[in-house]
Amino acid sequence: MMPGPTRPPVLLGVSLKMYFGHHETLNWARRIAVLAAGHPAVTSGAARLFVLPSFPALVPAAGILAPYGVALGAQDIATEDTGPYTGEVGGPALKEIGCHYAEVGHAERRRLYGEGDTVVAAKTAAALRNRLTPVLCVGERDRGTPGEAAARTVAEAARLLDGLDGTVVLAYEPQWAIGAPEPASAEHIAAVCGALRTWLDDRPRHAGSAVIYGGSAGPGLLTRLAGSADGLFLGRFAHDPANVGAILDEIRSPAPAAVA
Ligand SMILES: O=C[C@H](O)COP(=O)(O)O
């Protein structure tokens, strides 16, 4: 069972993207709160949960989830903190309403909204500047060998974090595995997450950072990964709270240390 006695907590993040309506989001959050209140993986500290709902749900979802230790975060953040940026939401406001995380660089924002490395790096900087932990999505576009994917993904993380200090969550999301029937193979994930972990471990300025896997992740994957990632970044398969419960069931031992 994961994690072993010296492992930090397993970090489980959920992005709801734009799938749910407002009340649906809050009803889902209530069911996650019940899970978090009663599941030994959470109450023992072996697992830590965070949820990224859409912007309008952040405040009421925090009211439902934060009492049970579930952290909240935004799915996006403006590059600037304040000013004439219609439609944007800045880091200071996110911090003020209780966000702990801000997601940046998701493949959907790159593909659909034209965000490139410059914007993603600026959003990562904005999160860190506002004491929000960036959930920085990295990962190759096309399926290739694990070695190629690891080299590309480490280079991407290095590029995006160049000149930045602070704790981050690196969400390894091979783009070809997002929205797919199955996640990448455990071997592929272990190769890339291992390379990202090695890269982070050489950089004390990112101490406390975590590497999690996203892309069609669901029940059973944590067990198959056997500790090669620090956790999971869940999408569709978290829509049914029973799946979140099943993933928590894979995590049993108490954990002594903290991650991002
Ligand atoms: O943000 C989450 C990831 O993009 C994974 O989504 P998915 O599990 O629905 O593929």
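A short tour of the structure in this document, coming up. (Residues numbered from 1 in each chain as written. Predicted model: local features only at pLDDT ≥ 70, side-chain atom pairs only at ≥ 80, totals over all residues. Heavy atoms only, no water.)

### Structural notes on the packing of helix 7 (residues 146-160) against helix 8 (residues 186-201)
Helix-helix packing is described using two parameters, namely the angle between the two axes and the distance between the axes.
And step 1. With their axes 9 Å apart at the nearest point, helix 7 and helix 8 run at an angle of 35° to one another. Relative to helix 8, helix 7 is oriented so that their crossing is right-handed. Packed against helix 7, whose contacting residues are Pro146, Ala149, Ala150, Thr153, Val154, Ala157 and Ala158, the element helix 8 presents His188, Ala191, Val192, Ala195, Leu196 and Trp199 at the interface.
And step 2. By residue class, the composition of the contact of helix 7 with helix 8 is 11 nonpolar, two polar and no charged. (Axes fitted to C-alpha atoms, helices over the stretch in contact; angles between N-to-C directions. Helix = DSSP H or I, 4+ residues; strand = E, 2+ residues; numbered from the N terminus. Left-handed = near helix turned anticlockwise from the far one by under 90°. Contact = heavy atoms within 4.5 Å. Nonpolar A, V, L, I, M, F, W, Y, C, P; charged D, E, K, R; others polar.)

### Some thoughts on the pairing of strand 1 (residues 10-15)
And step 1. Most of strand 1 sits out of view: six of its six residues are buried.
And step 2. Two elements, strand 1 and strand 2 (residues 47-52), share six bridges in a ladder whose sense is parallel. Among the inter-strand pairings, Ser15 is bridged to a residue of strand 2, identified as Leu52.
And step 3. Where strand 1 lies against strand 8 (residues 231-234), four bridges are found, and the strand directions are parallel. Among the inter-strand pairings, Val14 is bridged to a residue of strand 8, identified as Leu234. (Buried < 20%, exposed > 50% of the residue type's maximum accessible area, 1.4 Å probe, protein only. Pairing = 2+ DSSP bridges.)

### Points about the side chain of Glu103
And step 1. Position of Glu103 relative to the elements: it lies in strand 4 (residues 101-104).
And step 2. Lys17 provides the closest opposite charge to the buried, unpaired Glu103, separated from it by 6.8 Å. (Lys, Arg positive; Asp, Glu negative; His and termini not counted. Salt bridge = Lys/Arg side-chain N within 4 Å of Asp/Glu carboxyl O.)

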